[in-house]
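Spelled out, the chains give:
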Amino acid sequence: GHSEVTGNEAGDNGGGVDGIISTITISDNSKVTDNEAGIGSGGGVYAYEATLTISDHSEVTGNSAYHEGGGVCADDATLMTISGHSKVTGNQADEGGGVFLEDSTGTIEDSWVADNTADAGGGGVMPAGTTQLAVLGTTLKNNIRTDPDNPGPDDLGGTNPTCGSTCGAGSFGNCTFEAA
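An account of the accompanying structure is given in this report. Quantities reported herein were computed from a predicted structural model and do not represent experimental measurements. (Residues numbered from 1 in each chain as written. Predicted model: local features only at pLDDT ≥ 70, side-chain atom pairs only at ≥ 80, totals over all residues. Heavy atoms only, no water.)

Here's the deal with the sheet that holds strand 19 (residues 125–128)
Let me state the cut-off plainly: Strand pairing requires that DSSP identify at least two bridges connecting the strands. Going along the chain from the N terminus, every DSSP run of H or I of four or more residues is numbered as a helix, and every run of E of two or more is numbered as a strand. To get an axis, fit a line to the C-alpha atoms, keeping to the stretch in contact for a helix; angles then go from 0 to 180 degrees between the N-to-C directions.
Taking strand neighbours across the sheet as the criterion, the 5 strands line up as 3-7-11-15-19 in an open arrangement whose pairing is parallel. The strands lining the two open edges of the sheet, one partner per strand, are strand 3 (17–20) and strand 19. For this sheet, the mean inter-axis angle between neighbouring strands, taken without regard to orientation, is 5°. Bridge count for strand 7 (residues 45–48) against strand 11 (residues 72–75) is 4 bridges, and the pairing is parallel. Residue Ala-47 lies in a different strand from strand 11, and its bridge partner there is Ala-74.

Here you go:
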């Protein structure tokens with residue numbers, strides 16, 4: 001059923017949820033909000049060598065991390081899926097304000113990644129290392145990079161994702177890609 005993980009703080013990784021070699025399911029209108037990873041990654045959710053599913057109108061909102069993945073950090077062979085009209089919004093980190101993936105596999109489908117902020121890059125989504133990312137039917141909007149040397153709109157940073165059959169300026173396959 002519906003769950004809420006709100007207002008928590010971790011000294012290191014996983015302000016709201018910290019899953020290592022595990023299965024994490026956030027579904028059924030659940031919310032992970034206003035959590036903080038103090039000196040670590042994954043302000044809302046941190047997944048390491050895990051299977052992470054965020055679905056069914058769930059929200060990861062208003063979380064922050066000192067390092068990577070203000071909303072979600074999928075690390076080291078994690079299989080991540082965000083789908084079903086879920087939202088990753090209003091999160092902040094150094095890299096990957098909304099979602100950060102490193103050496104993992106991810107799908108973001110029929111969802112929203114909006115209004116997230118990263119200092120160094122990947123305001124919305126930041127795939128890094130050997131990550132393979134598919135973004136399908138998803139709105140990427142108003143995500144920004146605040147780096148003083150290179151500030152501006154930054155919905156998608158890092159390694160190029162696979163986004164359906166066509167990729168052109170301003171769009172990723174059948175995704176909506178809107179600059180701030």
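Some points on the environment of Val-125
Rules: Residues count as neighbours in contact if any of their non-hydrogen atoms are within 4.5 Å of one another.
As for its position among the elements, Val-125 is in strand 19. With near-sequence residues (within four places) excluded, Val-125 lies in contact with Val-99, Leu-101, Ile-108, Val-113, Leu-133, Leu-140, Asp-155, Leu-156 and Gly-157.

Here's the deal with the environment of Ala-47
Tracing the backbone through its elements, the reader meets Ala-47 in strand 7. Once the C-alpha coordinates of Ala-47 and Ile-20 are considered, the two residues, 27 residues apart in sequence, prove to be 5.9 Å apart. Not counting residues within four places of it along the chain, the set of residues in contact with Ala-47 comprises Gly-19, Ile-24, Leu-52, Cys-73, Ala-74, Asp-75 and Thr-78.

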